[in-house]
Amino acid sequence: MSTEPLGRALLICARNAIGERFGIAALPVSSLPELAEPAATFVTLTQNGRLRGCVGSLEAHRPLADDVAENAVAAAFRDRRFAPLSARELSRTRVEVSLLTPPEPFPVRSEADALARLRPGIDGLILSCGHRRATFLPQVWESLTDPRQFLAELKLKAGLPADFWDEQLTLARYGAKKWKEN
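Per chain, the residues get numbers from 1 upward, laid out in the order the sequence is written. Owing to the predicted nature of the model, reporting of local features is limited to residues with pLDDT of at least 70; listing and counting of side-chain atom pairs is limited to 80 or more, with chain, interface and lining totals taken over all residues. With hydrogens and water stripped out, all remaining heavy atoms of the structure feed into the side-chain values.

**Here's the deal with the overall build of the chain**
Thinking step 1. Starting at the N terminus, helices and strands are each numbered in turn, a helix being any DSSP run of H or I of at least four residues and a strand any DSSP run of E of at least two. Counting secondary structure elements, the chain contains four helices and eight strands.
Thinking step 2. For the chain, the α and β elements follow one another from N to C terminus as α-β-β-α-β-β-α-β-β-α-β-β.
Thinking step 3. Against the 2.2 N^0.38 benchmark of 16 Å for 182 residues, the chain shows a C-alpha radius of gyration of 17 Å, consistent with a compact globule.
Thinking step 4. Once the C-alpha set of the chain is aligned to its principal axes, its extents read approximately 50 × 35 × 30 Å.
Thinking step 5. The cut-offs for exposure are 20% and 50% of the maximum accessible area for each residue type, with area from a 1.4 Å probe on protein chains only; residues under the lower value are buried, those over the upper are exposed, and the others partly exposed. Taken across its 182 residues, the chain has 47% of its residues classed as buried.
Thinking step 6. Only heavy atoms enter the contact rule, under which two residues are in contact if any of them lie within 4.5 Å. Across the chain, the fraction of contacts at a sequence separation of at least 24, relative to all contacts at a separation of at least 6, is 67%.
Thinking step 7. For the chain, the exposed surface amounts to about 9,700 Å²; the carbon and sulfur share of it is 53%. Here the globule rule is a power law, 2.2 Å times the number of residues to the power 0.38, and the radius of gyration is based on C-alpha atoms. Exposure was quantified through the Shrake-Rupley algorithm and a 1.4 Å probe, taking into account, for residues, occlusion by the shown protein chains and nothing else.

So, in C-alpha cells, the structure goes:
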C-alpha cells in the first residue's frame, strides 16, 4: 500500500467501492481536501500481474474520491473485456489508481513526427479519428516500449488498422501519477 497520504486514500477509496458490492465493511479514508477537487482517474485491476479490468475518465468532471470509486466499480464489474469480478477473486486482485493531468492537444504533421516526439514512459496518449477514440495510460509503455508499436496498438484499440494514418486523426497527451497496492 502507498505510504503517501493521497495515494493511500485513493487505493482505499477504490477497494472500498468494490468491496461494498460484496458487503465488505469499508476501511476509514483520510479526509484530504484533494479528494473533493475535480479530477480524472483510471482504476486498473490486475491478478498475478495480468490485466483484470481498467476503466477511467479522461476529463475531470466530478470530485476525485467519487471518480475513483465509480471507476473502480466500473473496472470490477463493467469492463466489457472481462466477466464481472467475483467475491472470491477480490483478495487476489491488486488495485492501481492513476491520477491524470489534463490532456493537451498534440498536433503532429505526420505519423513520423508523432513517433519522433512521443515521450516513452511519460506520455499517455488519446487518439481520435471520426467516432473512433482510444487511450493508453503512460504505464502502457512498460509493456509496449517501442513508439511505433505503442501507436500501432493504440490504433488497433480504436478499431483502426495498425498502419492507418489520416490528416483527420488527432492526438492529445497527458501525464499520470500512479499508486499501486503491493
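There's more to say after this.
**Regarding the sheet that holds strand E2 (residues 50–56)**
One key point about sheets: their strands pair by backbone hydrogen bonds, in either a parallel or an antiparallel sense.
Thinking step 1. As summarised here, the arrangement of the four strands in space is E2-E1-E3-E8, forming an open sheet in which the pairing is antiparallel. The open sheet has two edge strands, E2 and strand E8 (176–180), and neither has a second partner. Pairwise comparison of adjacent strand axes, ignoring direction, gives a mean angle of 20° for this sheet.
Thinking step 2. Should DSSP find at least two bridges between two strands, the strands are regarded as paired. The sheet contact formed by strand E1 (residues 40–47) and strand E3 (residues 93–100) spans eight bridges and is antiparallel. Its bridge partner being in E3, Thr46 is matched across the sheet by Arg94.
Thinking step 3. The strands touched by helix H1 (residues 5–20) are E1, E3 and E8; relative to E3, the strand with the most contacts, the crossing angle is about 125°.
Thinking step 4. An axis is simply a line fitted to the C-alpha atoms; with a helix, the fit covers only the stretch in contact. Between two such axes, the angle follows the N-to-C directions and lies from 0 to 180 degrees. Running at roughly 35° to E1, helix H2 (residues 64–77) makes contact with E1, E2 and E3 of the sheet.

**Concerning the nonpolar core**
Note on soluble globular proteins: their nonpolar side chains tend to be buried together.
Thinking step 1. By size, the foremost hydrophobic cluster in this structure holds 25 residues, and its most contacted members are Leu10, Ile18, Val43, Val68 and Val97.
Thinking step 2. If sequence neighbours within four positions are ignored, Val43 has contacts with Ala14, Gly53, Cys54, Val55, Val68, Asn71, Ala72, Ala75, Val95, Glu96 and Val97.
Thinking step 3. Throughout, nonpolar core names a set of buried Ala, Val, Leu, Ile, Met, Phe, Trp, Tyr and Cys residues whose side chains join them through atoms within 4.5 Å. Grouped together as the second largest cluster of nonpolar side chains are 18 residues, Phe106, Trp141, Leu144 and Leu160 included.

**Details of the packing of aromatic side chains**
Thinking step 1. Two rings from Phe, Tyr or Trp (for Trp, the six-membered ring) form a pair when their centres sit within 6.5 Å of each other. Planes less than 30 degrees apart are called stacked, planes more than 60 degrees apart edge-to-face, and all others tilted. The final tally for this structure, using the stated rule, is three aromatic pairs.
Thinking step 2. In this structure an aromatic cluster arises from ring pairing among Phe136, Trp141 and Phe150.

**Considerations on H2**
Thinking step 1. Take the number of residues in a helix, subtract one, and multiply by 1.5 Å to get its expected span. Between its terminal C-alpha atoms H2 stretches 20 Å, which fits the 20 Å expected from 14 residues at 1.5 Å a residue.
Thinking step 2. Along H2, 11 of the 14 residues are buried, which leaves the element largely enclosed by surrounding structure.
Thinking step 3. What H2 keeps buried is the set Leu64, Ala65, Asp67, Val68, Asn71, Ala72, Val73, Ala74, Ala75, Ala76 and Phe77.
Thinking step 4. Close packing links the buried residues of H2 with H1, E1, E2 and E3.

**Details of unusual backbone geometry**
Peptide bonds are mostly trans, and most non-glycine residues show a negative phi.
Thinking step 1. Of note in this structure, Asn48 is not a glycine but carries a positive phi near 50°.
Thinking step 2. With respect to the helices and strands, the residue Asn48 is situated in the loop between E1 and E2.

Any functional reading would require information that these geometric values do not contain.
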